[in-house]
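Tertiary structure, described
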Amino acid sequence: MLSKSINEDNIESLVRSFYRQVLQDTLLAPFFIEKLGDNLQNEKWEEHLQLLTEFWKFVALGYEEYKGNPLQPHLHIQGLSREAFSQWLKLFHQTVDQTYIPSAGKYFKQKSTNIAENFMRKLNL
Ligand code: HEM
């Protein structure tokens, strides 16, 4: 069932379902496997999933647990490209459509597009 509004539980499902799909994607998976391995159940992945859940709760709900620097790890990833970012956005938007009704999903699509554009600008991509 699609969610009608954004809350803690559906943000967690969005994040978990997104990275499940990332690991199936031939373009994106290698970037993540290099840092975190290929098993979503391992400790590093669990930390990443929790961090990204906190990140989106911070962005969408104003929660304050997330204290990271979102751009930082991307500065050290070799081989990032505009194409990789487009694919990231395509997959993220698909996952949003599988999670929310359009009026709720619109928010995540806009935010993720803006953040990705910022990242690309700062990474000179
Ligand atoms: C091709 C595009 C992208 C790739 C390959 C990518 C990959 C990664 C990797 C490998 C990490 C670090 C994992 C670790 O070492 O713990 C990471 C962290 C992160 N990513 Fe991305 N990412 C991409 C785009 C994005 C976008 C568009 C966003 C936001 C809309 C995003 C948000 C984050 C955040 C919040 C973190 C954690 C930052 C922290 O340490 O606090 N990423 N990403």
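1. Some details on helix α1 (residues 8–22)
For α1, spanning 15 residues, the distance from its first C-alpha to its last is 21 Å, which sits close to the expected 21 Å at 1.5 Å a residue. Turning to α1, its buried residues number three or more, namely Asn10, Ile11, Leu14, Val15, Ser17, Phe18, Tyr19 and Val22. Buried positions along α1 lie against α2 (29–36), α3 (43–61), α4 (82–99) and α5 (102–122). For α1, the capping residue at the N-terminal end is asparagine 7, with a side-chain oxygen 3.0 Å from the backbone nitrogen of aspartate 9.

2. Describing the coordination of the iron atom of the ligand
If you check the protein contacts of the iron atom of the ligand, you find one donor only, His74 (NE2), at 2.0 Å. Summarising the element assignment, histidine 74 is placed in the loop between α3 and α4.

3. Comments concerning the packing of α3 against α5
The contact between α3 and α5 brings their axes to 11 Å, and the two run at 110 degrees. In terms of their interaxial angle, α3 and α5 are classed as roughly perpendicular. Packed against α3, whose contacting residues are Phe55, Trp56, Val59 and Ala60, the element α5 presents Tyr107, Phe108, Lys111, Ser112 and Ile115 at the interface. The class makeup of the residues in the contact of α3 with α5 is seven nonpolar, one polar and one charged.

4. Re the packing of α1 against α4
At a minimum axis distance of 9 Å, the contact between α1 and α4 shows a crossing angle of 135 degrees. When the axes of α1 and α4 are compared, the pair comes out oblique. Seen along the crossing, α1 lies across α4 with a hand that is right-handed. On α4, the residues that touch Asn10, Leu14, Ser17, Phe18, Gln21 and Val22 of α1 are Trp88, Leu91, Phe92, Gln94, Thr95, Val96, Gln98 and Thr99. Class assignment of the residues belonging to the contact of α1 with α4 gives a composition of seven nonpolar, seven polar and no charged.

5. Some words on the packing of aromatic side chains
Applying the stated criterion across every chain yields a total of 14 aromatic pairs. Between phenylalanine 18 and phenylalanine 92, the ring centres sit 5.1 Å apart and the planes meet at 90 degrees, which makes this aromatic pair edge-to-face. Highlighted residues: phenylalanine 18 in helix α1 and phenylalanine 92 in helix α4, separated in sequence by 74 residues. Comparing phenylalanine 18 with phenylalanine 92 shows no difference in burial state: the two are buried. With a centroid separation of 5.3 Å and 20 degrees between ring planes, the pair formed by tyrosine 100 and phenylalanine 108 is classed as stacked. An identical accessibility class is assigned to tyrosine 100 and phenylalanine 108; each is buried.

Cut-offs applied
Residues numbered from 1 in each chain as written. Predicted model: local features only at pLDDT ≥ 70, side-chain atom pairs only at ≥ 80, totals over all residues. Heavy atoms only, no water. Helix = DSSP H or I, 4+ residues; strand = E, 2+ residues; numbered from the N terminus. Expected span 1.5 Å × (residues − 1). Buried < 20%, exposed > 50% of the residue type's maximum accessible area, 1.4 Å probe, protein only. Contact = heavy atoms within 4.5 Å. Polar contact = N/O pair within 3.5 Å; in protein donor to acceptor, adjacent residues only side chain to side chain. Donors = N, O, S within 2.8 Å, 3.2 Å for Na, K, Ca; no water. Axes fitted to C-alpha atoms, helices over the stretch in contact; angles between N-to-C directions. Parallel < 35°, antiparallel > 145°, perpendicular 65-115°, else oblique. Nonpolar A, V, L, I, M, F, W, Y, C, P; charged D, E, K, R; others polar. Left-handed = near helix turned anticlockwise from the far one by under 90°. Phe/Tyr/Trp six-rings, centres within 6.5 Å; stacked < 30°, edge-to-face > 60°.

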